[in-house]
Amino acid sequence: MEQYAIKGGNPLVGEVEIGGAKNAALPIIAASVMTDETVYIDNVPDVRDTNVLLKSMQDLGVMVSRQNRHRYTVNAANIHSLIVDDDNIRKIRASYYLIGALLGKYKKAEVALPGGCNIGSRGIDQHLKGFRALGAEVEIKHGLIRASAEKLVGSHIYMDIVSVGATINVMMAATLAEGTTIIENAAKEPHVVDLANFLNSMGANIKGAGTDVIRIKGVQKLHGTDYAIIPDQIEAGTFMFAAAITKGDVTVKNVIPKHLESISAKLLEIGCEVEESDDAVRVVSSKPLRHTHVKTLPYPGFPTDMQPQIAVALALSQGTSIVTESIFDNRFKYVDELTRMGANIKVEGNTAIIDGVAKYTGAGIAAPDLRAGAALVMACLAAEGYSTVEEIQYIERGYEDFCMKLQSLGAQIEKVNSEREFQKFKLKIG
Ligand code: EPZ
């Protein structure tokens, strides 16, 4: 199996281009089936999750053509099946966005229950509640979610918890419902706003995305569009923390600095310099890192998808830090791996108490999930000596050209397939 071979110790220095946001691309790709006209989507990240979703849509009869690595045309005029059930789609969380999209357009959908990163129990009750409020019958049978309706009618829906997925799914279905839907306690993440902008560019009438009340006036049909996905907030944040962790100087380019404010604020707090310009942010880490406390929260709070990355930085800072995970109930699985590299972290429930150490030492570790995997790679890049990271397929679900981008910043990292290749890497690096 492929793994990363890493020799730590080089500060990451340079500029890195940030790609399109995975978590915006997934709902936007799914929503492109909601019109019979052709949709052009630009800035689609070339990562496993988006590729799996596009492939599953092709299996339904959707015409997908790739104009270049990041630009697709999608035409769903000839869909011949409303059942989405294959081995791959079960592995990605975003498969369930096809329920909102197909239910909205065809008033019927059957989609395999979602998989995705194992970061805790990930309920879908708020999605189902939202579909039912719009008048759909929903049942879960034989591993499939089945939703159908004679017609969808707008409704006033209060989300019991702030959920990105449920807000997105209900917004899609409500776009083609009769009358007005109001989603209260909606998620405000940039990708929720991006989907609303995409749907509006197709003729939808959605207001308030980015606030906690979204109003959707149903329209009868949607038309084609040409739309570019926003830059990936979490990919950018990951490289920003890579600068902090490796004592480097990294500029993330093609970003929306506003989306990175909670991340920049924490970097400043722990002693990094952060310079913002129109579409770039530079992070310089030249002083010893300071400890801090952080709690993950829905946007605009500090993102749960950046929790492992900040913990890897704090474990190298002076003093004791507390990291509280308030979104998912099992997102500290990387701590055991980091402990093997010398970190001093105690997890109690949803809190990690971190006593900073002076350095990590390289080790053979495995990525437990996407973001934790990326964070562990950064720990290896800062560590003394050699490391290997297994299970890199998790990382490649969500980071395009991760290894190459790190190499371009001066990281000593390569993909290897065997112990022999690892030894060759060691000989080459010296
Ligand atoms: C999205 O997951 C992202 N995934 C996640 O990114 C991200 O961590 C998460 O939002 C939070 O920002 C995609 O966009 C594909 P939620 P999602 O619904 O939609 C509970 C990554 O690394 N909940 O906001 O699944 C749920 O269990 C991934 O890129 C219910 O109880 O997240 C969780 O505790 C990982 N019932 C919390 O709400 C529901 O019906 C937030 O989940 C829905 C959610």
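Every value quoted in this text rests on a predicted model; they were computed, and no experiment measured them.

**Q** Can you walk me through the sheet that holds strand β13 (residues 213-217) in this structure?
**A** Paired through backbone hydrogen bonds, the strands of a sheet run either parallel or antiparallel to each other. Spatial strand order, β10-β11-β13-β12: 4 strands in an open sheet with mixed pairing. This sheet does not close on itself; its edge strands, each paired only once, are β10 (156-158) and β12 (205-207). Neighbour-to-neighbour, the strand axes of the sheet open up by a mean angle of 15 degrees, direction not taken into account. Note: strand β11 (residues 180-184) against β13, 5 bridges, orientation antiparallel. Within β13, the position partnered with T181 by the bridge is I216.

**Q** Honestly, the domain arrangement of the chain in this entry has me stumped. Any pointers?
**A** When the parts of a complex come together, some accessible area is lost, and that lost area is often used as the size of the interface. Each domain of the chain was delimited in the assignment, giving domain 1 (3-19 + 231-429) and domain 2 (22-228). Look at where the C-alpha atoms of domain 1 and domain 2 centre, and you get two points 31 Å apart. In this assembly, 23 residues from domain 1 lie in contact with 24 residues from domain 2. Summed over both sides, the interface between domain 1 and domain 2 buries roughly 1,900 Å², with carbon and sulfur atoms accounting for 49% of that surface. Our count for the contact surface shared by domain 1 and domain 2 stands at 3 salt bridges. Of the charged contacts in the structure, one is a salt bridge between E400 and R69, with a shortest N-O distance of 3.6 Å. Where domain 1 touches domain 2, the interface holds 7 residue pairs in polar contact (both at pLDDT 80 or more).

**Q** Can you help me understand the packing of helix α4 (residues 125-133) against helix α5 (residues 164-175) in this one?
**A** Geometry of a packed helix pair, given as the angle between the helix axes and the separation of the axes. Between α4 and α5, whose axes approach to 8 Å, the crossing angle comes to 20 degrees. Here α4 lies roughly parallel to α5, going by the angle between them. Relative to α5, the crossing made by α4 is right-handed. Residue-level inspection shows Q126, H127, G130 and F131 of α4 in contact with α5, the latter providing G165, A166, N169, V170 and A173. When its residues are assigned to classes, the contact of α4 with α5 shows 4 nonpolar, 5 polar and no charged.

**Q** Whenever I open this one, the packing of helix α1 (residues 22-31) against helix α2 (residues 48-59) confuses me. Can you help?
**A** Where α1 contacts α2, the two axes come as close as 10 Å, and the packing angle between them is 5 degrees. In terms of orientation, α1 and α2 fall into the roughly parallel class. Contact residues: α1 offers K22, A25, L26, I29 and A30, while α2 offers D49, T50, L53, L54 and M57. Here the residues of the contact of α1 with α2 sort into 7 nonpolar, 1 polar and 2 charged.

**Q** What is the right way to look at the pattern of salt bridges in this model?
**A** Using the criterion set out here, one finds 30 salt bridges in the structure. Of the charged contacts, one joins E337 and R340 as a salt bridge, the two residues approaching to 3.4 Å between their closest N and O atoms. Taken as a pair, E337 and R340 lie in helix α10 (residues 335-340) at a separation of 3 residues, close to a single helical turn. With relative accessibility at 14%, the residue E337 sits in the buried group. Here K415 makes a salt bridge to E396, at a shortest N to O gap of 2.9 Å. Of this pair, K415 sits in strand β24 (residues 412-416) while E396 sits in helix α12 (residues 393-396); the two residues are 19 residues apart in sequence, bridging distant segments of the chain.

**Q** Help me understand the site of the ligand, please; the structure alone is not making it clear to me.
**A** Inspection of the region around the ligand gives 25 residues, with Q126, S163, D305, I327 and R371 positioned closest. Taking V164, its main chain carries an N or O atom lying 2.8 Å from an oxygen atom of the ligand. A distance of 2.5 Å is found between an oxygen atom of the ligand and a backbone nitrogen or oxygen belonging to I327. Relative to its unbound accessible surface of 830 Å², the ligand loses 90% to contact with the protein. Contributions of two or more residues to the shell around the ligand are made by α1, α4, α5 and α11 (370-382). A per-element tally of the shell around the ligand places α4 first, with 3 residues. Counting the residues that make up the shell around the ligand, at least three belong to each of domain 1 (3-19 + 231-429) and domain 2 (22-228).

The rules we used
Residues numbered from 1 in each chain as written. Predicted model: local features only at pLDDT ≥ 70, side-chain atom pairs only at ≥ 80, totals over all residues. Heavy atoms only, no water. Pairing = 2+ DSSP bridges. Helix = DSSP H or I, 4+ residues; strand = E, 2+ residues; numbered from the N terminus. Axes fitted to C-alpha atoms, helices over the stretch in contact; angles between N-to-C directions. Domains from an automatic or database assignment. Contact = heavy atoms within 4.5 Å. Buried area = accessible area lost by both parts, 1.4 Å probe. Salt bridge = Lys/Arg side-chain N within 4 Å of Asp/Glu carboxyl O. Polar contact = N/O pair within 3.5 Å; in protein donor to acceptor, adjacent residues only side chain to side chain. Parallel < 35°, antiparallel > 145°, perpendicular 65-115°, else oblique. Left-handed = near helix turned anticlockwise from the far one by under 90°. Nonpolar A, V, L, I, M, F, W, Y, C, P; charged D, E, K, R; others polar. Buried < 20%, exposed > 50% of the residue type's maximum accessible area, 1.4 Å probe, protein only. Near = heavy atom within 4 Å. Areas by Shrake-Rupley, 256 points an atom, 1.4 Å probe, with all protein chains shown as cover.

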